[in-house]
Amino acid sequence: VELEPGTYYWKVLGYSGKGIIESSAKSFVIDSKVAVSVKRSGNEYEIINEGNVVSEVDLIEEDNGLQITGSAILDPSQSLRKNITNKTIFEISQK
């Protein structure tokens, strides 16, 4: 389930031999959305921050037995172009 930022309301309904039992209404708020898309263009991949908050992209690459790590900070709608091999891992988190 993917929920957009906003306020959501819920309550529990139960059924018994005496009828319906319901709780009071509760709510929760989602303030931010962390999301990225990845697009391929030739040998490059473009990682795009599709969310509404600043996100950190951590890259881990393996090359000839060595691990190379790096990170980038992406503002909303900002992107990063990178040659990515099948030994590249990237992790996204809210900054």
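Numbering of residues starts from 1 in every chain and runs along the sequence as written. Where local features are concerned, this predicted model is filtered to residues with pLDDT of at least 70; where side-chain atom pairs are given and counted, the filter is 80 or more; whole-chain, interface and lining totals use all residues. Heavy atoms from the whole structure form the basis of all side-chain values; hydrogens and water molecules are not counted.

Engineer: Explanation requested: the pattern of salt bridges in the structure shown.
Structural biologist: Side chains that differ in sign of charge can pair as their charged atoms come close. Any Lys or Arg side-chain nitrogen located within 4 Å of an Asp or Glu carboxyl oxygen qualifies as a salt bridge. Scanning the model with the defined rule gives five salt bridges in all. In this structure, glutamate 4 engages lysine 33 in a salt bridge whose closest nitrogen and oxygen atoms are separated by 3.0 Å. Remark: lysine 33 occurs in the loop between strand S4 (26–30) and strand S5 (36–41) and glutamate 4 occurs in the segment before strand S1 (6–10); sequence separation between them is 29 residues. With its nearest N and O atoms 2.5 Å apart, the salt bridge here joins glutamate 22 to lysine 11. Here glutamate 22, found in strand S3 (residues 19–22), pairs with lysine 11, found in the loop between S1 and strand S2 (13–16); they are 11 residues apart in sequence, far enough to count as distant. Numbering of helices and strands starts at the N terminus; helices are DSSP runs of H or I of at least 4 residues and strands are runs of E of at least 2.

Engineer: What is the right way to read the sheet that holds strand S10 (residues 88–94) from this model?
Structural biologist: Backbone-to-backbone hydrogen bonds pair the strands of a sheet. The strands run either parallel or antiparallel. The criterion for strand pairing is that DSSP finds at least two bridges linking the strands in question. One open sheet holds the three strands; their spatial order is S8-S7-S10, and the pairing between them is antiparallel. Among the strands making up the open sheet, the edge pair consists of strand S8 (66–74) and S10. Adjacent strand axes in the sheet meet at a mean angle of 15°, parallel and antiparallel pairs treated alike. Of the pairings in the sheet, the one linking strand S7 (residues 55–63) to S10 comprises seven bridges and is antiparallel in character. Directly across from leucine 59, in S10, lies its bridge partner phenylalanine 90. For helices, the fitted axis covers only the stretch in contact; all axes are lines through C-alpha atoms, and the angles between them, taken along N-to-C directions, range from 0 to 180 degrees.

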